[in-house]
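Residue-level structure breakdown
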Protein chains: 2
Amino acid sequence: MARPTTKDLARVAGVSRATVDRVLNGRDGVKKNTVDKVNAAIRQLGFERNLSAANLAKGRTYRFVFVLPESGDQFLEEILRHIREAGNVFAAEMVWASVQHVDGNDPHAISTFLSSLSRQDTDGVAIMAPESPQVRDAITRLQDRGLRALPFISNQALSENHCVGIDNRSAGRTAATLMGRFIRAQKGQILVIAESMRSRDSIERRYGFDEVINARFPHLTPLPSLETYGSAARTRQVLQAAVARNPDVVGAYILSSEARIPLDVLEDMTFSERLVSVAHERTPCTEASLLSGRLDAVITQDPGHLVRSAIRRLRALCDNRNTLNSQEKIRVEILLPTNL
Amino acid sequence: MARPTTKDLARVAGVSRATVDRVLNGRDGVKKNTVDKVNAAIRQLGFERNLSAANLAKGRTYRFVFVLPESGDQFLEEILRHIREAGNVFAAEMVWASVQHVDGNDPHAISTFLSSLSRQDTDGVAIMAPESPQVRDAITRLQDRGLRALPFISNQALSENHCVGIDNRSAGRTAATLMGRFIRAQKGQILVIAESMRSRDSIERRYGFDEVINARFPHLTPLPSLETYGSAARTRQVLQAAVARNPDVVGAYILSSEARIPLDVLEDMTFSERLVSVAHERTPCTEASLLSGRLDAVITQDPGHLVRSAIRRLRALCDNRNTLNSQEKIRVEILLPTNL
DNA sequence: TCATTTTTGAGACACGTGCATCAAAAATAT
DNA sequence: ATATTTTTGATGCACGTGTCTCAAAAATGA
């Protein structure tokens, strides 16, 4: 019943605890034959290292940095809140999570910041930044210096560590399914509104969206993406232009994480029939809009889950452990007024 | 930077480590004044007990039992799989999770089993069983003996420990929203199919479903619940009778966690137009049905999350800690063919 | 005041692992 | 054969907390 300890291992393998330690911690200078004996004992006893004891002995702490853009985005606010919250919870497990803001549009700034990190003060980094060669190189150098890096939400093409976040193509496909089924009109156009189409996330969402609309709802026509660049004036302008060109707009898909501006602008405009609107990310704004009926559905990813998953995965990377895939898979969630 | 230890506490509070220990672990025989001094030091230093060290010192293990019905239900299979999986993950944190099957329809058997548990071999129990006075009493006695109990998935009216699981009324409301918006017919009836309507879960789902259909989709009529009792023959019989009485059936809501039988039966029947069907719980059967188009949506709760949440909450109960509410809230998830 | 009780302190050991050091044993080279 | 290198064992301390014991100090009662 009691868990076997390294002492038991030593006894069963017929070696000393010192040798068990050498094998467990991968030190060299141990004959292959001896290594095998110890491993056999590990299997035989079902030995598992007592993490509490190990961490205590090592005085191990995990110092993680979240590198985030500087925006005042509501979704990002949520992320920040959960980082603080998780900081408290994981404190008992010796995890320190801090946040560093850098201009998301300045690859040079990101790269410079990443270069400033060292093992002296940091064990791992979760990076939310658009993909760029500079950033990619900085991440590689980070890893060469022994730090662990993880792309966070915004997709980075890192070889193995796939991103903490949803499959954006699947998110776009889901938005399309809801949109297609909610719209009752026989035909019409759908506005697609993004803050910018330069990010990989937006592109993937758009791709998934078109895929499903074209295949399953051919009576609907998704219009070319409208970019707001975060400006209300510009949003109003491009939206009005698009609606003028397309008399039968029946839906609006807001695919960037800041839905406030497009929603406000849409509110002021008139359409022949009530628009079906779908947006991304749960924020105070999208929640309120769902309840008031301004939005019909919200596709989201749980920010708390994102943060905790990033921390767990960074820690696993530090310990060279595997994570539980089913726990770390971030789900494409659908919010309706009824399941907030 | 380094975390304060009990030694630091003792120094700052001007007492001995023994006294700090007495305060931290709530032993008596300490003057109120001294307690206050220690608590002040705790606040001043922001002391947090090192859980690793504490657990190591106590040799604490957490032995939890999941009490589950004996069914061969696919959803239950998933739950079992995740209990085994979680067992591996939590092993490093000294958590042992075992499973005990009892006949879910026999309150006496459940009560007898619960009475057989003692602190000698068990620290906490997660109970999935229909509510009944006998079971409720057994749970109370369990708690009197110092064990921790938690209602699991199936709703138990335990005073404080609210159930690990979704809000079933919200789930029913969500099913209704999707159903109402997916159905294009001007009017029609909706089949509501349950294994049994005796369980609190079914009742709550049904209640939420009717609520939304009546309020938002008055052109649709939800029919009285049909009970299958798990029998294919009976299912066929009651379904055919219901359809004979109602010529305009346009939707089917399967609200129990086993969707296989109703789906198979529905498949064989003919309707004037394609049914919109919504079921509960992600299982191999519902997944396949979504992809094949037999089902339009599935309302589900993540079984892995359920299991891990139950374990975390039981452990928190044992340690008299609070859990992170945002992490333990089980979401009403919506599955479409596009976000599996 | 002295006897009694309550409160506090000092100290030791335990938990399981990590990480040293140094000597002993075994294997290999000469 | 001996000298050298490689491999192993023995042992001790550390991590932070929990849990003892025993004695000292302080507070309370008479």
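Note that the structure is a prediction, hence the values are computed from the model and not measured.

Considerations on the relation of the copies chain A and chain B
In the superposition of chain A on chain B (RMSD 0.1 Å, axial shift 0.0 Å), the rotation amounts to 180°. Seen this way, the second copy is the image of the first under a two-fold rotation axis. It is S52 of chain A whose C-alpha, among those of chain A, lies nearest the rotation axis, at 2.2 Å. Mapped onto chain B, 100% of the interface residues of chain A again fall at the interface, so both copies present the same surface.

Observations regarding the protein's contact with DNA strand D
Of all residues adjacent to DNA strand D, which total 27 residues, the nearest are S16, T19 and T34 of chain A together with T6 and R49 of chain B. In DNA strand D, atoms within 4 Å of the protein come 63% from sugar and phosphate. A distance of 3.0 Å separates a base oxygen of DNA strand D from a polar atom in the side chain of R22 of chain A. Where the surface near DNA strand D is concerned, the elements lending two or more residues are α2 (17–24) and α4 (51–58) of chain A together with α2 (17–24) and α4 (51–58) of chain B. For the surface near DNA strand D, the per-class residue count stands at nine nonpolar, nine polar and nine charged.

Points about the pairing of strand β4 (residues 148–151) of chain B
Judged from the four bridges that link them, strand β3 (residues 124–127) of chain B and β4 of chain B form a sheet pairing that is parallel. Counted as the bridge partner of A126 of chain B is L150 of chain B from β4 of chain B.

Considering the packing of helix α1 (residues 6–13) of chain B against helix α3 (residues 32–45) of chain B
All names here are of chain B. At a minimum axis separation of 9 Å, α1 and α3 run at an interaxial angle of 120°. Looking at the two axes, α1 sits oblique to α3. When the axes of α1 and α3 are compared, the crossing they make is right-handed. Residues D8, L9, V12 and A13 of α1 lie in contact with α3, whose contacting residues are K37, V38, A41, I42, Q44 and L45. For the contact of α1 with α3, the class distribution of residues is seven nonpolar, one polar and two charged.

Some points on the domain arrangement of chain A
Annotation of chain A at the domain level lists domain 1 (6–49), domain 2 (61–164 + 308–319) and domain 3 (168–300). The gap between the C-alpha centroids of domain 1 of chain A and domain 3 of chain A is 60 Å.

Considering the environment of Q74 of chain A
All names here are of chain A. Counting through the fold element by element, Q74 comes out in helix α5 (residues 74–91). Taking C-alpha positions, Q74 is 29 Å from I213, a pair spaced 139 residues apart along the chain. With sequence-adjacent residues up to four places away left out, Q74 is seen in contact with E258, R260, T283, P284 and C285. A polar side-chain atom of Q74 sits 3.3 Å from the main-chain amide nitrogen of C285.

Topic: α4 of chain B
Listing the buried residues of α4 of chain B in full gives S52, A54 and N55 of chain B. Along the axis of α4 of chain B, the buried residues cluster in a sector spanning 165°; they form a single face. In this structure, the buried residues of α4 of chain B make contact with α4 of chain A together with β1 (62–68) of chain B. Here α4 of chain B starts with a cap whose side-chain oxygen sits 2.9 Å from the backbone nitrogen of S52 of chain B, and that cap is N50 of chain B. Where α4 of chain B ends, the next residue or the one after it, G59 of chain B, has phi of about 60°, a positive value.

Topic: unusual backbone geometry
Residue and element names in this part refer to chain A. The backbone phi angle of Y229 is positive, close to 50°, even though this residue is not glycine. Looking at where Y229 falls in the secondary structure, it is placed in the loop between β7 (226–227) and α10 (232–245). Under the relative-accessibility criterion, Y229 is labelled partly exposed at 46%. Although it is not a glycine, E281 adopts a positive phi angle of roughly 70°. Of note, E281 is situated in the loop between β9 (276–280) and α12 (284–292). Its relative accessible area of 2% is what places E281 among the buried residues.

Some words on the protein's contact with DNA strand C
Of all residues adjacent to DNA strand C, which total 27 residues, the nearest are T6 and R49 of chain A together with S16, T19 and T34 of chain B. Taking all atoms of DNA strand C within 4 Å of the protein, the share assigned to sugar and phosphate is 69%. The backbone of A57 of chain B places a nitrogen or oxygen atom 3.2 Å from a base oxygen of DNA strand C.

What to know about the packing of aromatic side chains
All names here are of chain A. Under the criterion given, the structure shown has seven aromatic pairs over all chains. For the pair Y62 and F64, a centre-to-centre distance of 6.1 Å together with 45° between the ring planes defines the contact as tilted. As far as the burial class goes, Y62 and F64 line up, both buried. With a centroid separation of 4.3 Å and 20° between ring planes, the pair formed by F209 and Y253 is classed as stacked. Placement of F209 in helix α9 (residues 200–216) and of Y253 in strand β8 (residues 249–254) is noted, with a sequence separation of 44 residues between them. With a relative accessible area of 0%, F209 lands in the buried category.

Reading the values: rules and limits
- Residues numbered from 1 in each chain as written.
- Chains lettered and ligands numbered in written order.
- Predicted model: local features only at pLDDT ≥ 70, side-chain atom pairs only at ≥ 80, totals over all residues.
- Heavy atoms only, no water.
- Least-squares fit on C-alpha atoms with pLDDT ≥ 70 in both.
- Contact = heavy atoms within 4.5 Å.
- Near = heavy atom within 4 Å.
- Polar contact = N/O pair within 3.5 Å; in protein donor to acceptor, adjacent residues only side chain to side chain.
- Helix = DSSP H or I, 4+ residues; strand = E, 2+ residues; numbered from the N terminus.
- Nonpolar A, V, L, I, M, F, W, Y, C, P; charged D, E, K, R; others polar.
- Pairing = 2+ DSSP bridges.
- Axes fitted to C-alpha atoms, helices over the stretch in contact; angles between N-to-C directions.
- Parallel < 35°, antiparallel > 145°, perpendicular 65-115°, else oblique.
- Left-handed = near helix turned anticlockwise from the far one by under 90°.
- Domains from an automatic or database assignment.
- Buried < 20%, exposed > 50% of the residue type's maximum accessible area, 1.4 Å probe, protein only.
- Arc of directions from axis to C-beta.
- Phe/Tyr/Trp six-rings, centres within 6.5 Å; stacked < 30°, edge-to-face > 60°.

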